Amino acid sequence: MQGTNGPEQATSILKGEGPTRTESDSLGSMEIPADVYWGIHTGRALLNFPISRRAIWNYPGLVRALVRVKQASARANKEIGVLEAAKADLIDAVCERIIAGEFHDQFVVGVIQGGAGTSTNMNTNEVIANVGLEMLGKPLGAYGFLHPIDDVNRSQSTNDVYPTAIKLAMVFGIQKLLDEHALLTEAFAAKGREFAHVLKVGRTQLQDAVPMTLGQEFTGFAHTLQEDFDRLSEVVPWLNEINMGATAIGTGITADPRYAEAVRRHLEEVTGIPQETAPDLIEATSDAGIFMTVSGTLKRAAVKLSKICNDLRLLSSGPQAGLGEIFLPARQAGSSIMPGKVNPVIPEVVNQVAFSVIGADATVTAAAEAGQLQLNAFEPVIAHSILQSLIWMTNACKTLRVNCVDGIEANHDRLAMQVGSSVGVVTALTPYIGYSAAATLAHTALTTHASIAELVLEQGLMTADEVQKVLSPERLSGLVPATGVITLPTAVPTGPAG
């Protein structure tokens, strides 16, 4: 049996020499390689859409989702009596084999295609039918015994199968992303605990600000990621609204009135995921709004993750002439000309994933807007854009955690030196000596390179004990909001303006 590495190789097989079988459709006849499980509709798609080298089998979650929809449909059709029990059971058994990982290389049509996903649906129908025929001991293509459309596609249309399947595939993808996202969040939280008492200089607008701890910075990264975990989790229920039973445009033509509820229940059973039939099937068949919601939420997560990677690159910059506050794990030589140079390659690759997700969101937005009347013909590029983004984000979270965050170390000496010479600590003194005096101290410290503590003592503004308590790491970082041992000056009451 010939498997393929993509549409290009499948097309080559289609045009190549060797045994063939003849299949026919409303446009005529076509020679199909004798030992492939796909048929004429898939063959025409291979010739019509030489666009992407990426076949739908590159998205195993989509293959599983398509097959789960077919399995649920077969069970529903059997239950309501519109498909022979033997045929329904055979389709069911084939679907289980595909779910287990068999025959994925037969899902060969390119993910980018015209026809609103019809080629993907037909590829699925043909593979299931031909595997079933083989199990019956019948020749491939002998559709009189099990037909791709009359049997496998019974009560269905591409226009309800495809959107339902890509929603389900997105749920699968989000679940995997959430697993990795949670692990990455905990990795940052662990570093927050590890660096809890490592004092450093905070920065706003890339300028020195007030002190904080490195632990606070990394804990902030963890909380940022947790927010996006929550937002991505909230999207999943919206993807569980399906339009099965809508058939062509939402009127349910060719489907038994009992089918929609039966297939919903069976799809819920075979996936373990709650499913809800849309209240308006015409609206649900034409509207692509949920895909913009998913894509936009994913873009938000990607942008925020990219911002964190920007910070990691800044914090580790140097190691001599940059900030140099943290050490990222050295993963590979950074230059073919500069010996010893090591680059922050892991954050850099995550940045690039984020850029791709941002671009994919623009594609999804354009495709959602481009739908007309009762159908959006551009769901294939929507599916490709979101499913690729989910896979890339999942992989990015994992490589960032394993190859970077887990191995980050603090540059304790440099951090201590920066805090000791920073004029940002003067902010902690303003409640005691006033803003004007503090500003003068800051200017003097910058011009003379003297420490703030030394200047305060020289000018007799505070005692050594008071300075030590106010400028303690706990007080500077806000871990202890107030020491309770220094009295704040009280304002002198003023009378009403005359």
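Since the structure is predicted, the reported quantities are computational estimates derived from the model, not experimental observations. (Residues numbered from 1 in each chain as written. Predicted model: local features only at pLDDT ≥ 70, side-chain atom pairs only at ≥ 80, totals over all residues. Heavy atoms only, no water.)

A. Molecular detail of the overall build of the protein chain. Along the protein chain, the regular secondary structure elements total 19 helices and eight strands. Since a compact globule built from 498 residues should have a radius of gyration of about 23 Å, the 31 Å found for the protein chain marks it as more spread out than a globular shape. In terms of overall dimensions, the protein chain has a C-alpha envelope of 100 × 65 × 35 Å along the principal axes. Put simply, the protein chain has 498 residues, and 51% of those count as buried. Here the contacts in the protein chain between residues at least 6 apart in sequence split such that 72% fall between residues at least 24 apart. Accessible surface for the protein chain amounts to roughly 22500 Å². Of this, 56% is attributable to carbon and sulfur atoms. (Helix = DSSP H or I, 4+ residues; strand = E, 2+ residues; numbered from the N terminus. Rg over C-alpha atoms; globule rule 2.2 N^0.38 Å. Buried < 20%, exposed > 50% of the residue type's maximum accessible area, 1.4 Å probe, protein only. Contact = heavy atoms within 4.5 Å. Areas by Shrake-Rupley, 256 points an atom, 1.4 Å probe, with all protein chains shown as cover.)

B. Broad picture of the packing of aromatic side chains. Scanning the entire structure with this criterion turns up five aromatic pairs. Relative to F103, the ring of Y37 lies with its centre 5.0 Å away and its plane at 80°, an arrangement referred to as edge-to-face. One end of the pair, Y37, is in the loop between β2 (28-33) and α2 (40-48); the other, F103, is in the loop between α4 (85-99) and α5 (118-136), with 66 residues separating them in the sequence. Judged by centre distance (6.0 Å) and plane angle (35°), the ring pair of F188 and F218 falls under tilted. With F188 in helix α7 (residues 158-194) and F218 in helix α8 (residues 214-239), this pair connects stretches of sequence that are 30 residues apart. (Phe/Tyr/Trp six-rings, centres within 6.5 Å; stacked < 30°, edge-to-face > 60°.)

C. Molecular detail of a nonpolar patch on the surface. Together, V303, F355 and I358 line one region of the surface with nonpolar side chains, adding up to about 260 Å² of accessible area. Mapping F355 onto the fold places it in helix α12 (residues 345-369). (Patch = residues over 30% accessible without salt bridge, like charges linked within 9 Å, V, L, I, M, F, W, Y side chains within 5 Å. Salt bridge = Lys/Arg side-chain N within 4 Å of Asp/Glu carboxyl O.)

D. Up close: the nonpolar core. Core analysis: the biggest nonpolar cluster contains 108 residues, and F188, L312 and L400 have the highest contact counts within it. For this core, the leading source of residues is α7, giving 16 residues. With residues near it in sequence (within four places) discarded, F188 still touches F218, F221, A222, L225, I308, L312, L400 and V405. A428, I452, M462 and V467 belong to the second-largest nonpolar core, a separate cluster that totals 17 residues. (Core = buried A, V, L, I, M, F, W, Y, C linked by side-chain atoms within 4.5 Å.)

E. Up close: α4. Compared with an ideal rise of 1.5 Å per residue, which puts 15 residues at 21 Å, α4 spans 21 Å between its outermost C-alpha atoms and is within 8% of the ideal. All of the buried residues along α4 are K87, A88, L90, I91, D92, V94, C95, I98 and I99. Residues of α4 that are buried in the fold lie against α3 (60-80), α5 and α6 (148-152). G101 sits one or two positions beyond α4 and adopts a positive phi of about 115°. (Expected span 1.5 Å × (residues − 1).)

F. Just the pairing of β2, in detail. Bridge count for strand β1 (residues 20-25) against β2 is six bridges, and the pairing is antiparallel. In the strand pairing of β2, D25 is matched with G28. Taking the residues that link successive antiparallel strands as the turn, the β1-β2 hairpin has two residues. (Pairing = 2+ DSSP bridges.)

G. Focus on the pattern of salt bridges. Scanning the model with the defined rule gives 26 salt bridges in all. Here E180 and R401 are joined by a salt bridge, their closest N and O atoms 3.1 Å apart. In this pair, E180 is assigned in helix α7 and R401 in helix α13 (residues 379-403), connecting sequence segments 221 residues apart. Since its relative accessible area comes to 16%, R401 is described here as buried.

H. Quick look at the confidence of the model for the protein chain. Of all residues in the protein chain, 93% have pLDDT values of 70 or greater, and the mean over the chain is 90. In the model, residues 483-488 has pLDDT below 50 throughout and makes ten contacts with residues more than four positions away in sequence or in other chains. (pLDDT = per-residue confidence, 0-100.)

I. Here's a closer look at the side chain of T271. With respect to the helices and strands, T271 occurs in helix α9 (residues 259-271). Its relative accessible area of 17% is what places T271 among the buried residues. Within the structure, the side chain of T271 is placed 3.2 Å from the backbone nitrogen of I273, a separation counted as a polar contact. Setting aside chain neighbours within four positions, we find T271 in contact with R68 and L168. (Polar contact = N/O pair within 3.5 Å; in protein donor to acceptor, adjacent residues only side chain to side chain.)

J. Highlighting α7. Relative to the 54 Å expected for 37 residues at 1.5 Å per residue, α7 spans 53 Å between its end C-alpha atoms, a close match to the ideal helical length. One side-chain oxygen of the residue at the start of α7 lies 3.0 Å from the amide nitrogen of N159, identifying that residue as S157.

K. Spatial organisation of the packing of helix α11 (residues 289-315) against α12. Put simply, α11 and α12 touch, their axes get as near as 8 Å, and they point 160° apart. Classified by the angle between their axes, α11 and α12 sit roughly antiparallel to one another. Our pair here, α11 against α12, has a crossing hand that is left-handed. For the contact of α11 with α12, the per-class residue count stands at 17 nonpolar, six polar and four charged. (Axes fitted to C-alpha atoms, helices over the stretch in contact; angles between N-to-C directions. Parallel < 35°, antiparallel > 145°, perpendicular 65-115°, else oblique. Left-handed = near helix turned anticlockwise from the far one by under 90°. Nonpolar A, V, L, I, M, F, W, Y, C, P; charged D, E, K, R; others polar.)

L. Representation of unusual backbone geometry. Cis geometry is adopted by the peptide bond preceding P319, which originates at G318 and carries an omega value of 10°. Looking at the secondary structure, you find P319 in the loop between α11 and β7 (326-327). A positive phi angle is found at T247, which is not glycine, with a value near 50°. Tracing the backbone shows T247 in the loop between β5 (241-242) and α9. With a relative accessible area of 1%, T247 lands in the buried category. Residue T254 is not a glycine yet carries a positive backbone phi of 75°. Residue T254 is classed as exposed on the basis of its relative accessible area, which comes to 64%.

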